[in-house]
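Each chain, letter by letter, is given below.
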Amino acid sequence: KAVVFFKQAIEKDPNYALAYSGLADTYSLFPAYGNFRPNEYMPQAKQAALKALEIDPNLAEAHASLGEAIFYYDYDWAGAEKAFKRAIELDPKYATARQWYGELLSLSGRRDEAVREMSKALELDPFSMIINRQMVSVLQQTKRFDEAFLQNKKINELFPNESIFHFRNGNIYADQGKFDEAVEERLLAMKANKDSKPENIAKLKEAYEKGGWDGYRRMRQEIRLEELNAKQAKDPNGYVKALDYATAYAWGKDKEKTIEYLNKAYDERERSLTELKINKTWDFVRDDPRFKELVKRVGIPE
């Protein structure tokens, strides 16, 4: 719907730069929120952002839109940072530019700068669901776990969703190596999610009791691969993210399949590859030369 309305605005006023920027952001976020091919949407995002800048070179939103498109599709870390900084320079109160810049800083391993930028974004727009949510991610990525738990609690007060609340708690515990708590929270998340199958909850609980964290993750792999294969079989021409397969294989510590699908994810220009450096899912392949080569290709700063 957003795409339709932005295009209608552009038809009425072809020189409305902000509408092009909005269109760019919409295209950029398609692959983030669903099974949409980055190759299909991200070039359109970049094109719309460049058009906005052509009309108004001093529009903060347009610089941020370009930064988002080239960061998550071209893996252009330096170019994206320059675009986000320019957006903030033009409009220091534009919270989204600070949020996106904070994400880039966090994924680059620049922890203090990341938290500082995200805190400013949150100060500017305290009731934004996405900024609140990304603040949890940045705090978790920067290993400020106690603050991440508090922020997650705050989100659940603002936007109650027990499933997501428990799932995020589970992720934070897992990053700390507190696996009893992690599994407990994740099972609570599944119970709160009406789409979860009760038999899968029972299987995961039993797998953890019998095989510990590795047993739990192997069962997660089995369940997830079944889901992904069913989705692919239902629509052979549909898009199922290679990164979803890579993640599932990583849960079972299948090094060859994980690397194979991570490389496919690179060919698809999957945005989550920007997390390669900080996502603990990939710890077991981190020393593999093929993984190191992939990190280089994604351009993640040393």
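What to know about the overall build of the protein
A count of helical and extended segments in the protein gives 15 helices and zero strands. Its C-alpha atoms give the protein a radius of gyration of 20 Å, near enough to 19 Å, the size a compact globule of 302 residues would have. Summarising its shape, the C-alpha atoms of the protein cover approximately 65 × 40 × 40 Å along the three principal directions. Counting across all 302 residues of the protein, residues that qualify as buried make up 50%. The contacts of the protein with a sequence gap of at least 6 include a subset with a gap of at least 24, amounting to 55%. A total accessible area of about 15,300 Å² is found for the protein, and carbon and sulfur atoms account for 50% of it. Computed over 49 positive and 50 negative side-chain charges, the separation of the two mean positions in the protein equals 1 Å.

Description of the environment of Q47
Within the fold, Q47 resides in helix α3 (residues 38-55). For the pair Q47 and Y20, spaced 27 residues apart in the sequence, the C-alpha separation amounts to 9.1 Å.

A word on the nonpolar core
Nonpolar side chains in soluble globular proteins tend to be buried together. W77, L262, L273, L276, W282, F291 and V298 are the most contacted members of the largest nonpolar core, which totals 79 residues. The contact partners of V298, leaving out residues within four places of it in the chain, are Y75, W77, Y266, L273, T274 and L276.

Focus on the layout of surface pockets
The space that makes up the second largest pocket amounts to roughly 160 Å³. Taken together, K277, R286, F291, K292, V295, K296, I300, P301 and E302 make up the lining of the second largest pocket. Here the lining of the second largest pocket is composed, by residue class, of four nonpolar, no polar and five charged.

Looking at empty space enclosed by the protein
The rolling of a water-molecule-sized probe over the atoms marks out the regions of remaining empty space. As enumerated under the stated definition, the model contains one cavity of 30 Å³ or more in all. Here the largest cavity is characterised by a volume of approximately 30 Å³. Per-class residue counts for the lining of the largest cavity are four nonpolar, no polar and two charged.

Some words on unusual backbone geometry
Residues other than glycine seldom take positive phi values, yet Y75 does so here, at roughly 55 degrees. Residue placement: Y75 occurs in the loop between α4 (60-72) and α5 (77-90). With relative accessibility at 5%, the residue Y75 sits in the buried group. Look at K143: it is not a glycine, yet its phi comes out positive at around 65 degrees. Residue placement: K143 occurs in the loop between α8 (129-141) and α9 (145-158).

Concerning the pattern of salt bridges
Applying the stated criterion across every chain yields a total of 22 salt bridges. With a closest N to O distance of 2.5 Å, R98 and E117 form a salt bridge. Taken as a pair, R98 in helix α6 (residues 95-107) and E117 in helix α7 (residues 111-124) lie far apart in primary sequence, 19 residues in all. Accessibility expressed as a relative area gives 10% for R98, which makes it buried. For E117, a relative accessible area of 10% puts it in the buried group. A salt bridge links K253 to D214; the nearest nitrogen and oxygen atoms lie 3.8 Å apart. Of this pair, K253 sits in the loop between α13 (242-251) and α14 (255-268) while D214 sits in helix α12 (residues 198-234); the two residues are 39 residues apart in sequence, bridging distant segments of the chain.

About the thresholds
- Residues numbered from 1 in each chain as written.
- Predicted model: local features only at pLDDT ≥ 70, side-chain atom pairs only at ≥ 80, totals over all residues.
- Heavy atoms only, no water.
- Helix = DSSP H or I, 4+ residues; strand = E, 2+ residues; numbered from the N terminus.
- Rg over C-alpha atoms; globule rule 2.2 N^0.38 Å.
- Buried < 20%, exposed > 50% of the residue type's maximum accessible area, 1.4 Å probe, protein only.
- Contact = heavy atoms within 4.5 Å.
- Areas by Shrake-Rupley, 256 points an atom, 1.4 Å probe, with all protein chains shown as cover.
- Lys, Arg positive; Asp, Glu negative; His and termini not counted.
- Charge placed at Lys NZ, Arg CZ, Asp CG, Glu CD.
- Core = buried A, V, L, I, M, F, W, Y, C linked by side-chain atoms within 4.5 Å.
- 1 Å grid on protein atoms, 1.4 Å probe; cavity = no way out; pocket = protein on both sides within 12 Å on 5 of 7 lines; lining within 4 Å.
- Points joined across faces, edges and corners; volume = space filled by probe spheres on them.
- Nonpolar A, V, L, I, M, F, W, Y, C, P; charged D, E, K, R; others polar.
- Salt bridge = Lys/Arg side-chain N within 4 Å of Asp/Glu carboxyl O.

Limitation: the analysis is restricted to geometry and does not speak to function.
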